[in-house]
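# Structural characterization, general
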Amino acid sequence: MTPDYRRFLLPEEVSRISRLEVRARHIVEGFLSGLHRSPYYGQSVEFVQHREYVQGDDLRRIDWKVWSKTDKYYIKQFEEDTNLRTTLVVDLSESMLFGSGAMTKYEYGCTIAAALSYLLLKQQDAVGLVAFDADVRARVPARSRQNHLYAILAALAAEQPAAKTDLYDVLRLVATEQSQRGMVVVISDFFADLNSLFRGLKLLRHRGHDVMLLHVMDDQELDFNYSGTTKFEGMEASGELVCDPRSLRDGYLQAVNSFLEELRRHCARNIVDYQTIRTSEYLDAALAHYLNHRIGMRQTIRN
Amino acid sequence: MTWFLQAYQSLTSLIAGHFFNPAFVLPGAALIASPIVIHLINRLRYRRVRFAAMEFLLKSQRRNRRRVMMEQLLLLLLRILIVLLLLALIARLILDPNQLSIFRGAAKAHHLVLLDDSGSMQNRWGETSAFNEAIAVVKQFAAEGSRRPDTQKFTLLLLSDPDQPVFVERDVNEEFVAELETKLENLRRRCTHRALDLIAGLEAAERIFAEQRATIRHLHVISDYRKIDWQNQGALGSLVRRLDAAGVAVNLVKTVPHRDENVAISDLSGDLQVSAAGVPLRLKIAVKNLGEQVARDVRISIVQDGQKLPLAIHFDKIEGGTEVTREFDVTFDSPKKHKLEAALEADSLETDNRRFLAIDIAETNPVLIVDGDPSGDEASYIADALSAAPGLTGITPSIETPDYLRRHPLDRFQCIYMVNVPELPEDSIELLSDYVEAGGGLAWFAGDAVNTSFYNEKLYREGTGLFPVPLSAAKRQLPPADETTPGPDLNFASHPIFRIFEGEENSFVKIVKVGTYLPVMENWVRDDNRRADRVATIAVMRNKDPLMFEHRYGKGRVFTSLTSAGPMWTSWPRNRSYPIVQLELQKFLARNDRALDLRVVGEPIDLSLDPTVYTEAVEIASPEEANQGLTRLKAAPAPERAPEGEAAGADAAKKADKRPGGAETVAPYRAVFRETDRPGVYTIKLLDKDQITHEQWVAYNVPIKESELALATTAELRRQIGEDVNVQIQEPGDPAWIQGKEAGQEVRERLLILLMLILFAEQMLAYRLSYHPKTAGAAAKTAGAAA
């Protein structure tokens, strides 16, 4: 591991997040036994229900004790565990280079990706990576090998943000490529056309993927604490403006909040996990909080 | 270019008229640019930030552009306003140019100072006095004026002589101030003792101002503003209003901060006309406490001709605002002029602590009794009553026949008694009339011999003569007392002559018996009020017939009794109340035209000399130590027509012409001496043709009015003048008005309040327009909530 890509996963962070686990909200289709619930009934210790025998059922699953009491054939059904195939979709557009604090959004997003990869690989899940701006910039296929982490880190480090963001194409690509149901984690600032994002998300959900949006925002973008006359030069060729930021702050915050609100509402409607993360927050704390409090994780998933 | 200069000049004069410190105004106005410049600099200096969320920023900018601009403009405006207000405060904006310091007006101004030097200004307290304070104010005033030399004109009037200004329209500069100070130092000792009329002073000021309508005119009245001068003085108020209406800025300057206690001798008098050598003279002294508190242990010493008399007049206490009187006897041994002085202990107003009296003590007081019936002894009863023993009363009565009247001069008699005189020849009546007109006293007593028709015709003369009433033809007997007409024979009115009969149940009244009298004509109206002539009925019989009368004739007094002087018709002369009444009657009648003058300081001594008797040389000695106060005057022939105020002098001249011996009509010489400001006795020495010196003494005293030290409050002054009249009233000991420190006080306060409000508004707006990070705790909480 070269120092270059090591910067996204520092040992102290690793030690702090190592006890976390990434759990799929929805049923995912893996090829190994793992932490995640599989759509299939299989061999496991977790009994689910009895069902009357119908022709074609496996005779080995008939519960003979029930037969002895009722003279009817019932079969026992058990939960099957599976492993998870996760695709990390990381935004590498120019706007991600913005950062007023210690880290840019790009660095922070990559760190999240690295941390998640580490966690998933640790729990034997497969992790893949798609880095994108206007187009897909890099792709790492999903593997569950431990040393697959390096491949992901290397891919992140190699990519320098430059161009604009376009989400729909990227998400459609991810949807088509991932035939099996798995988890898609999008790490971006989402400064793009929201409609294209929503269309992409809809597609992913349609394919049965468990989608998670990690919205990385800088403090200044959320709080807009600028003062004094300032010339703002827009990234991604979005124009420039000389103004007294204090006088525009309220309007700006209003616009940002309505943007975030729209995003949040859409995600909630489509059962997409959404989380805004400030680059100033400690990654481990943010991640721990997020992973432990994902909405709906406590409910049963089988209908 | 010319119009620009004109505009600039009018602008500077406008600024000078409305600002105390006009020099600050124009540079200050340039400071208005500072908020704008700061604003522009802030727009030019900016930092660059590469920003990702431009979309939102641009959206905000699109939405808020108009509002932001308005807010910025408002803020800029407020900041400019703050600069303007600060400028107005520093340059001291004054809305009313009249309020501006009297010396800072734009144009040349004329200041007329009217300095009150009346007696009450001598009020002392601590190390200073009202007059000293006033002089200090004038000095300070001139000194302040000289800081802008030759821009102001100054006139100083003294209230004691408003027609003779001390300075007239002098340019105020260093040289003048030095001259003024010298003059004021001299004036310091020259505060008068007189009661002066502010109205005269104001009118003089008005006359001076009337001649110069163009300039800015200020009138400063520096006075002590006593209540007595300002109470119900409608004329004073209207005069001030008139001055104000004429465009004169009236400024009333008070010099006395508080009212002092004051005790004054308000009167020292007596029946001086009956004084005679060796006979005790009863004098009356009145002491008035003009303060508010009780004056305790007031002692008065009496000094006669420079010698303190062993008399102790002592009042334990005198309530505030009250007057107490005390009578005491003084005996003068020698028949000459005497000076008497009563003195109090020192208090805040020195001048009224002494009172003077000049008395010409006669050897005796001759009285003429004309007895119409040589065989009778009626007259001797009067003579005995007036002078029981020689030297006892100082009266020398002489009993003569009616013929005496035409043969001897009557002037030397103090009064003449006409006892039972049947008739008088024409010339005697005329001489008698002249005598009474000139001030002599006359008493009529009836008797058997009286020819009533003669009295009615020649003496009564339809109410114009020497006799007061018309008489009936025959005498009448008083019927004895019975149930229908009870009571004593006589009822006396309250009159000085009958002082002895005053009071209820007076035993003296009962024993006075009157048997016979001459009744007045039936058609003569008895009621004094209805008749309303000069005659007063002072004693009435039991049957309501009037018996005794008193009336004035010329300067003299006439007493009439319709009963006899002796026991012919009445038992009274044998009664012990008779001599007392006769002595009182003599006091009442005694001619007082020769009593020495009692005058109030300031009245001029106006001498009218008969050039056939006196030389022109007149010497007047003022009541000052040594011979410093000696003034020599030279009498000069009087002008053809004597001015109105000096009619008395003219009268005297007429008299002199008429005198026997003064046959040739020579105009009298006049000498007027006006320096009679000091209280005391003035000695006038006249030299006659035989080089014999004649002395006249005149006592001058301070007017009691000036002893009233109660002060008029500012509110009272305003009420007198009128609330709506623009008059400045300056409180004592506060010279701020001279420097104009007080000017624009209300404006300044309002400006300060406005400035505070605007500063507050600016802060509020600036706070609203700017971003303020929340406190650490609150920020953490918000972050937590967001997460």
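Relevant structure appears above.
Attention here is on the structure that accompanies the text. (Residues numbered from 1 in each chain as written. Chains lettered and ligands numbered in written order. Predicted model: local features only at pLDDT ≥ 70, side-chain atom pairs only at ≥ 80, totals over all residues.)

Take the overall build of chain B next. For chain B, the count of helices and strands is 21 helices and 35 strands. The buried share of chain B, reckoned over its 787 residues, is 36%. Within chain B, residue pairs in contact and separated by at least 24 positions form 77% of the contacts whose partners lie at least 6 positions apart. (Helix = DSSP H or I, 4+ residues; strand = E, 2+ residues; numbered from the N terminus. Buried ≥ 20, exposed ≤ 12 C-beta atoms within 10 Å, placed from the backbone. Contact = placed C-beta atoms within 7 Å.)

Secondary structure summary: chain A contains 10 helices and 11 strands in total. Within chain A, buried positions represent 44% of all 303 residues. Across chain A, every contact between residues at least 6 apart in sequence was considered, and the portion connecting residues at least 24 apart equals 76%.

Residues and elements named next belong to chain A. As for its position among the elements, Ala134 is in the loop between β5 (126-132) and β6 (136-143). Residues Ala134 and Tyr168, spaced 34 residues apart in sequence, show a C-alpha to C-alpha distance of 9.6 Å. Those residues in contact with Ala134 that lie beyond four places of it in its chain are Ala163, Lys164, Thr165 and Asp166.

Before going further, it helps to spend a moment on the interface of chain A and chain B. Listed by partner, the interface residues are 31 residues for chain A and 28 residues for chain B. Secondary-structure elements contributing two or more residues to the side of chain A that touches chain B are β9 (230-234), β10 (240-243) and α9 (245-269) of chain A. With nine residues, the top contributor of residues to the side of chain A that touches chain B is α9 of chain A. A class-by-class count of the residues in the side of chain A that touches chain B yields 13 nonpolar, 12 polar and six charged. Alignment of β9 of chain A against strand β1 (residues 47-51) of chain B, held across five bridges, turns out to be parallel. (Nonpolar A, V, L, I, M, F, W, Y, C, P; charged D, E, K, R; others polar. Pairing = 2+ DSSP bridges.)

Residues and elements named next belong to chain A. Taking strand neighbours across the sheet as the criterion, the six strands line up as β6-β5-β4-β7-β8-β11 in an open arrangement whose pairing is mixed. Taken across any chain shown, the strands that pair with only one partner, and hence form the sheet edges, are β6 and β11 (273-278). Within this sheet the neighbouring strands show an average axis-to-axis angle of 15 degrees, counted without direction. (Axes fitted to C-alpha atoms, helices over the stretch in contact; angles between N-to-C directions.)

Once that is clear, we can look at the packing of helix α3 (residues 33-44) of chain B against helix α4 (residues 54-90) of chain B. One way to put it is that α3 of chain B packs onto α4 of chain B with a least axis distance of 8 Å and a crossing angle of 145 degrees. Touching Ser34, Pro35, Ile36 and His39 of chain B of α3 of chain B are Leu76, Arg79, Ile80 and Val83 of chain B, all from α4 of chain B.

All names here are of chain A. With 13 residues, helix α7 (residues 194-206) extends 18 Å from end C-alpha to end C-alpha; this agrees with the ideal 18 Å at 1.5 Å per step. Looking only at α7, the buried set comprises Leu197, Phe198, Gly200, Leu201 and Leu204. Buried residues in α7, looked at end-on, bunch into an arc of 165 degrees, giving them a common side. Facing away from the buried side of α7, by more than 90 degrees, are the exposed residues Asn195 and His206. Next to the buried residues of α7 lie α6 (168-177), β7 (183-188), β8 (210-217) and α9. The first or second residue beyond α7 is Gly208, which carries a positive phi of 90 degrees. (Expected span 1.5 Å × (residues − 1). Arc of directions from axis to C-beta.)

Here the focus is the nonpolar core. In terms of nonpolar packing, the biggest core is built from 79 residues, with Val89, Val90, Ala113, Val185 and Ile187 of chain A touching the most fellow members. The greatest single-element share of this core, amounting to 12 residues, is contributed by helix α4 (residues 105-122) of chain A. Grouped together as the second largest cluster of nonpolar side chains are 68 residues, Cys415, Phe501, Tyr553 and Tyr578 of chain B included. (Core = buried A, V, L, I, M, F, W, Y, C linked by C-beta atoms within 7 Å.)

As a further point, take the sheet that holds strand β14 (residues 323-331) of chain B. By definition, the strands of a sheet pair up through backbone hydrogen bonds, in either a parallel or an antiparallel sense. Residues and elements named next belong to chain B. Pairing in this open sheet of three strands is antiparallel, and the strands run β9-β10-β14 from one edge to the other. Each edge of the open sheet is held by one strand with a lone partner, namely β9 (263-270) and β14. Within this sheet the neighbouring strands show an average axis-to-axis angle of 25 degrees, counted without direction. Relative to strand β10 (residues 280-289), β9 runs antiparallel, the two being bridged by seven bridges. Of the residues in β10, the one forming a bridge with Leu268 is Ile285.

Once that is clear, we can look at the pairing of strand β19 (residues 415-419) of chain B. Residues and elements named next belong to chain B. Of all five residues in β19, five are buried; the element is thus mostly enclosed. With five bridges joining them, strand β17 (residues 365-371) and β19 adopt parallel strand pairing. Within β19, the position partnered with Val367 by the bridge is Cys415. Two elements, β19 and strand β20 (residues 441-445), share five bridges in a ladder whose sense is parallel. Following the sheet pairing, Cys415 is matched in β20 by Gly441.

Residue and element names in this part refer to chain B. A positive phi is found at Glu169, a non-glycine position, where the angle reads about 45 degrees. By the element assignment, Glu169 lies in strand β6 (residues 167-171). Owing to 15 C-beta atoms within 10 Å, Glu169 belongs among the partly exposed residues under this scheme.

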